[in-house]
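Structural description and commentary
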Amino acid sequence: MVVKAVVLERYGPPEVLEYRDVVDPVPAEGEALVKVAAAGVNRVDVWIRTGKYQVKLPHVLGVDVAGEVLSSTVPQFKRGDRVVVFPDMPCGRCKQCLTGRFMLCRNSSRLGSTRWGGYAELVTAPAATLVPVPGDVSLEEAAALPVNYTTAWHALITDTGVGPGMRVLVVGASSGVGVAATQIASLSGAEVIAMVGDEWKVEKAYKAGASLVVNRTKKDVVEEVMKATDGEGVDVVLEMAGAAFWEKALQCLAPGGTLVTVGATVGDQVSFNVRPFFRKYQKIIGSGVGTQAEFLKIIDLVSKGRLRPFIDKVFSLKEASEAHKRLEAGEHFGKILLKP
Ligand SMILES: [Zn+2]
């Protein structure tokens, strides 16, 4: 059988992504073979493509995958089951796993990173990472969930305890994580201020649940945040821009507030004045993709219609480089998907 995939042979610009035949993937013991219906495009794919994160080459990207089981080596799954793959497979035995910190497992495998991912017609995955997709959730919607929604959930619910009475600033609110964060924070009862960089995204961010949307190209974000919070600032800033917004993000933070960073899309190196920071008892937390347990809660909420991913645009596998260009140019609102 000829199987097509998008292969990364060398690091570089979007054009290095090559659509071609690959060897038929065979599931090992404890794994299943999944026919890919949709794969999410994530910022981490760009970081791997450009060599910021090194992987074993040649490589197939794709951390988020949903599809149908073609064959399975375990009885829990059978041909035709609709599933979404949770990307991480922690070892369950190391010190971090045994203390419940699965994100920090040193022996964890990750789809699209330590093993070939979903930019393909077929993918193998550990059966333990397959999550059934409820009938009322499409496979496209399911593929939009794992990375973005568990990242937002872990940062906001698990790390910072966002809930009623709290105010949250979501930086990069039009990104996949940003939309997920706006929805999750507003579902939790918090008040969300969403920051976007284009006028056409303003309305969409309100639809995602923001109570105030600030277009950073038209208004001063710190000023708007202070106006909206009676000069106090927000309890939590979800940051992902990195150097581009770091100092302003801290200025938006209330005394005792927490900045949680999940990315660095515009610059890795930041500097800030530490004096007001410690005087205000503030915190900075690093965070990333959450756990499979968190993902189960998310998919349940999606099934109940409480959360719903925004699909920005669907590209064919052949157009993977176009999809990357759209993500890198920030032309999207919500999730970019690839379909075989
Ligand atoms: Zn472990």
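Residues numbered from 1 in each chain as written. Predicted model: local features only at pLDDT ≥ 70, side-chain atom pairs only at ≥ 80, totals over all residues. Heavy atoms only, no water.

1. A short note on the sheet that holds strand S14 (residues 253-261)
- As summarised here, the arrangement of the 6 strands in space is S12-S11-S10-S13-S14-S15, forming an open sheet in which the pairing is parallel. The sheet terminates laterally at strand S12 (212-215) and strand S15 (283-286), the two strands that pair on one side only. Adjacent strand axes in the sheet meet at a mean angle of 20°, parallel and antiparallel pairs treated alike.
- One ladder, built from 4 bridges, connects strand S11 (residues 191-196) with S12; its direction is parallel. Note on S12: the bridge partner recorded for Val 196 is Asn 215.
- On top of the sheet, helix H6 (residues 200-207) reaches S11 and S12; it is set at about 160° to S12, its chief contact. (Pairing = 2+ DSSP bridges. Helix = DSSP H or I, 4+ residues; strand = E, 2+ residues; numbered from the N terminus. Axes fitted to C-alpha atoms, helices over the stretch in contact; angles between N-to-C directions. Contact = heavy atoms within 4.5 Å.)

2. So, the coordination of the zinc ion
- Looking at the metal site, the zinc ion is ligated by Cys 91 (SG), Cys 94 (SG), Cys 97 (SG) and Cys 105 (SG), spaced 2.3 to 2.4 Å from it.
- Counting gaps between the donor residues of the zinc ion yields the pattern C-x2-C-x2-C-x7-C. Neither residue differs from the other here; Cys 91 and Cys 97 are each classed as buried. (Donors = N, O, S within 2.8 Å, 3.2 Å for Na, K, Ca; no water. Buried < 20%, exposed > 50% of the residue type's maximum accessible area, 1.4 Å probe, protein only.)

3. Notes on the packing of aromatic side chains
- Using the criterion set out here, one finds 5 aromatic pairs in the structure.
- Joined through ring pairs, the aromatic side chains of Trp 246, Phe 272 and Phe 277 make up one cluster. (Phe/Tyr/Trp six-rings, centres within 6.5 Å; stacked < 30°, edge-to-face > 60°.)

4. Quick word on the environment of Gly 189
- Locating Gly 189 in the fold gives a position in the loop between helix H5 (176-187) and S11.
- For the pair Gly 189 and Met 166, spaced 23 residues apart in the sequence, the C-alpha separation amounts to 7.8 Å.
- With sequence-adjacent residues up to four places away left out, Gly 189 is seen in contact with Gly 163, Pro 164 and Gly 165.

5. Let's talk about the packing of helix H4 (residues 146-159) against helix H10 (residues 292-303)
- H10 packs onto H4 with a crossing angle of 110° between their chain directions and a minimal axis gap of 9 Å. Taken together, the axes of H4 and H10 are roughly perpendicular relative to one another. For the pair H4 and H10, contact is made by Pro 146, Tyr 149, Thr 150, Trp 153, His 154 and Thr 158 and by Glu 294, Phe 295, Lys 297, Ile 298 and Leu 301, respectively. (Parallel < 35°, antiparallel > 145°, perpendicular 65-115°, else oblique.)

6. Brief notes about the packing of H4 against H5
- Where H4 meets H5, the closest approach of the two axes is 8 Å, and the angle between their N-to-C directions is 50°. As far as their axial angle goes, H5 and H4 are oblique. At the point where H4 passes H5, the crossing takes the right-handed sense. In contact with Asn 148, Tyr 149, Thr 151, Ala 152, Trp 153, Leu 156 and Ile 157 of H4, H5 contributes Gly 176, Val 177, Ala 180, Ala 181, Gln 183, Ile 184 and Ala 185.
- Residue classes in the contact of H4 with H5 are distributed as 10 nonpolar, 4 polar and no charged. (Left-handed = near helix turned anticlockwise from the far one by under 90°. Nonpolar A, V, L, I, M, F, W, Y, C, P; charged D, E, K, R; others polar.)

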